Amino acid sequence: MSEMTWEHLRDLDCGAVRSLGDSWKTYVDQQLAHTERLRSDVIEGHLSTEHYESDTATQVRDQIGMTADRYEDDLSDYASTRIATTLFEAADSFEKEQNELKELIPLIEQHDFGIEGPHSEYDVNLSGDLHRAILTLNPPQWLCDMCGVKKPDGFWDIDTLKVLFDSVDLYGTAIGLAGQYQDWLRSVMSRAHDADDEAAAALSEMSENPTELPPHLGATYDDLVDDYKESVSEEVANEAKAIAEGTSGMSPEQVNQWWEGLSESERQALIEEHPEWVGPVDGIPVASRDTANRTLIDDEIDSLGTRITAKEQELAGLDPESEEYEKAKAELDDLKQDRTDLSNLQEHITNEDGTPKIYEGTDQQYYLLGFGTEGSGQAIVSIGNPDTADNVNAYVPGTTSNLAGASGGDMDRTETMARDAEAASGDETATVLWLGYDAPDSIVPEAMQDKWAQDGAADLEDFTKGIRATAEGEPSNLTLTGHSYGTTMVGTAAAQEGVEADNLVLIASPGVSVDTASALGVDENNVWASTNDEDVIQYGPVHGEAPVNEEFGANTFTSDSPREPSEWWKFWEGATENHSSYWDDGSDRGEPNNEISRTNQANIVTGNEELVR
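Residues numbered from 1 in each chain as written. Predicted model: local features only at pLDDT ≥ 70, side-chain atom pairs only at ≥ 80, totals over all residues. Heavy atoms only, no water.

**Describing the overall build of the protein**
For the record, the criterion: Put simply, DSSP H or I for four residues or longer makes a helix, DSSP E for two residues or longer makes a strand, and each gets a number counted from the N terminus. Exposure is judged per residue with a 1.4 Å probe applied to protein chains only, and the accessible area is read against the type maximum: over 50% gives exposed, under 20% gives buried, and values in between give partly exposed. Should any heavy atoms of two residues lie within 4.5 Å, those residues are considered in contact. For the area figures, the Shrake-Rupley method with a 1.4 Å probe applies, and any residue is considered shielded solely by the protein chains shown.
In terms of helices and strands, the protein carries 17 helices and eleven strands. Overall size of the protein, expressed as C-alpha extent along the three principal axes, is 105 × 65 × 55 Å. Evaluated residue by residue, the protein yields a buried proportion of 50% over its 613 residues. Here the analysis covers contacts within the protein between residues at least 6 apart in sequence; of these, 70% occur between residues at least 24 apart. Only carbon and sulfur atoms are counted for the fraction: they give 48% of the accessible area of the protein, which is about 28700 Å².

Now the structure itself:
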């Protein structure tokens, strides 16, 4: 657990950390020159077949060559991919949070607040001097301005009496501002601690897995060489397994460097023989993940069929009146639902001949980046390839979203956003349905809790970092679009873990775990929010300040309320129905259409913010 304090972060020389990473890169280049010389001067020179030609000489040349290969692999894996990249990533993360801290601390000091409490959860409170100033009816000018009162000149003048009667508002305003700064500080330090812990874990993990060197020369050398070559292949497999299971300590960028360092045959072997180590992994290119995941979804559907048959046989031997029967029947129903949902998803993104389907609305391929049946189910599907797109928009749905929605309502919204983005810009936009977390099943009590967002925060962080790591050419303009509880998911990940996003779009939000846009770790000028005037969500934010409120500090954009009650007296239907109306696109069918909201979203996603209304 990181022990970094805000003072440590403020005073940290990020340049020195980055220079240390550069030193390791330089070290790698220097050492690679030595191995190249070993090959040219020794293997192809002094010990070449021109001078020595025998079985023993061949073995010596092979042994030296394998040692050089092993050394180069270790330099690439440890010194470059792990150590240098870890230091670069840590420096970038620390510097980003340090810049926020340098903006925040002067504000705290300027308003006479103090930072108290343990480094794990700082408090920002009113200082003793500020307390006394309010109690003695001599509040600072900034507080008078915020409360709309005139700073008093004398003890018994009319302004003093106004301040006396407004003292509760003065305290409330000061405490509210301190709370905003506290949220901001805690979010900054949470992300800094996360970066510190990740760097420490990555560096310490290396010492626990020493590499195996080539065998010594001897009578059994040929057999040992075969064993060694087999162990090298096993090492790649073990690395892939550790990465997929999350025990390698490698970031998505490091995973990408590791993947690119493999031979084409090694990569292909992993995709074909162990798709479960490729498909779900952020940092591996999208096309490879899609190929692996399509194999995995085939296998999972077949596996569910086998389990359904076994459960039906079990059910046939049970008393229909028993509790065991009811339990087995519920398990059977769940298995059948999982198979149906996965089959529908597969059918939606796959042609009859097994090839990837093209979405006709934008002429882009569907890519399967992940799926699961745990809880309510998970699915990550992209329309277009994020690795090659100019813009990437990841849609994070909210309460009651499940695996069935990946081929139903949530996919409909994703496809609508893809069409809107294409209409707004000539650049390519990849639109992703990111249901990579177990969404709450109910409004009460589940959506009132933050555990679902907490559990998914690290996965959303890794997704955004993976998008950055696998980008071909310049990084894309990346937007996270959350709806309802999906905004809580986005906000929690952004504030606590840190996300590599350019824009955050928060639609119909019940709160995002913090009370200010500045606490989200993204330029607050790139934080956008919208809630239509009939949406029921406006009456009950439960996860912090509503992002559409002025106090939150986000940009806002217009969304219509196109849905009407089915009967004039069912007034509540408009409030509930319009919570889901932001992607309505039914004008050509005489159905509700929320063109202004969709157009605004598309302009944000494609970098045309000046057109947002």
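Alright, that's what it looks like, and here's the rest.
**Description of empty space enclosed by the protein**
Heads up, the rule is: In this analysis the probe radius is 1.4 Å and the grid spacing 1 Å, with only protein atoms considered; a cavity is a set of points the probe fits into but cannot get out of, a pocket is an open set with protein on both sides within 12 Å along at least five of seven lines, and lining residues have an atom within 4 Å of a point. Grid points are joined across faces, edges and corners, and a volume is the space filled by probe spheres set on the points. Charged residues are taken to be Asp, Glu, Lys and Arg, nonpolar residues to be Ala, Val, Leu, Ile, Met, Phe, Trp, Tyr, Cys and Pro, and polar residues to be all remaining types, Gly included.
Within this structure, the stated rule accounts for two cavities of 30 Å³ or more. The computed volume of the largest cavity comes to approximately 50 Å³. If you trace the largest cavity, you find it lined by D282, G283, I284, V286, R289, L369, D387, F463, G466, I467 and T470. Those elements that provide at least two residues to the lining of the largest cavity are α11 (286–316) and α14 (451–470). Of all the elements, α14 adds the most residues to the lining of the largest cavity, at four residues. Residues belonging to the lining of the largest cavity are distributed by class as follows: five nonpolar, three polar and three charged.

**What to know about the side chain of R413**
Mapped onto the fold, R413 is located in helix α13 (residues 409–424). Beyond its immediate stretch of four places on either side in the chain, R413 contacts Y395, H483, S580 and W583.

**Here's the deal with the layout of surface pockets**
For the second largest pocket, the calculated volume is near 510 Å³. Taken together, 25 residues make up the lining of the second largest pocket; nearest its centre are T399, I443, S484, I537 and H579.

**A few points about the pattern of salt bridges**
To keep it simple, the criterion reads: Counted as salt bridges are all cases of a side-chain nitrogen of Lys or Arg within 4 Å of a carboxyl oxygen of Asp or Glu.
Using the criterion set out here, one finds 27 salt bridges in the structure. R39 serves as the salt-bridge partner of E72, at 2.8 Å between the closest nitrogen and oxygen. Residue E72 is found in helix α3 (residues 55–110), and its partner R39 is found in helix α2 (residues 14–46); the two are separated by 33 residues along the sequence. Across this residue pair, the class does not change: E72 and R39 are buried. Here E314 makes a salt bridge to K311, at a shortest N to O gap of 3.2 Å. You can see E314 and its partner K311 sitting in helix α11, three residues apart, about one turn around the helix. Overall, the relative accessible area of 40% leaves E314 in the partly exposed class.

**Re the environment of V149**
One can find V149 in the loop between α5 (141–147) and α6 (158–165). When the C-alpha positions of V149 and L170 are compared, they lie 9.4 Å apart, and in sequence the two are 21 residues distant.

**Considering a negative patch on the surface**
In plain terms, the rule: Surface patches are drawn from residues lacking salt bridges whose relative accessible area is over 30%; two like charges belong together within 9 Å, two nonpolar side chains (Val, Leu, Ile, Met, Phe, Trp, Tyr) within 5 Å. Charged residues are defined here as Lys and Arg on the positive side and Asp and Glu on the negative side; His and the ends of the chain fall outside this count. A single reference atom marks each charge: NZ on Lys, CZ on Arg, CG on Asp, CD on Glu.
A cluster of like negative charges, contributed by D319, E321, E323, E324 and E326, occupies part of the molecular surface. Within the secondary structure layout, E323 lies in helix α12 (residues 323–349).

**Remarks on unusual backbone geometry**
Residue P445 follows V444 across a cis peptide bond; omega there is 5°. Its place among the elements puts P445 in the loop between β7 (429–435) and α14. Residues other than glycine seldom take positive phi values, yet D112 does so here, at roughly 65°. Among the structural elements, D112 can be located in the loop between α3 and β1 (113–116). A positive phi is found at S513, a non-glycine position, where the angle reads about 85°. Tracing the chain through its elements places S513 in the loop between β9 (503–507) and β10 (527–530).

**Observations concerning the pairing of β7**
Heads up, the rule is: In this description, strands pair whenever DSSP reports at least two bridges between them. Looking down the strands as they point away from the viewer, one classifies a crossover as right-handed if the path from the first strand across the helix to the second runs clockwise.
Counting buried positions along β7 yields seven of seven residues, so the element is predominantly enclosed. Here strand β5 (residues 378–383) runs beside β7; their pairing, made up of five bridges, is antiparallel. The residue bridging I380 from the neighbouring strand is W434, located in β7. Bridge analysis of strand β6 (residues 391–396) against β7 gives five bridges, and the strand direction is parallel. By the bridge assignment for β7, A394 is matched with V432. In this fold, β6 hands off to α13, which returns the chain to β7; that crossover is right-handed.

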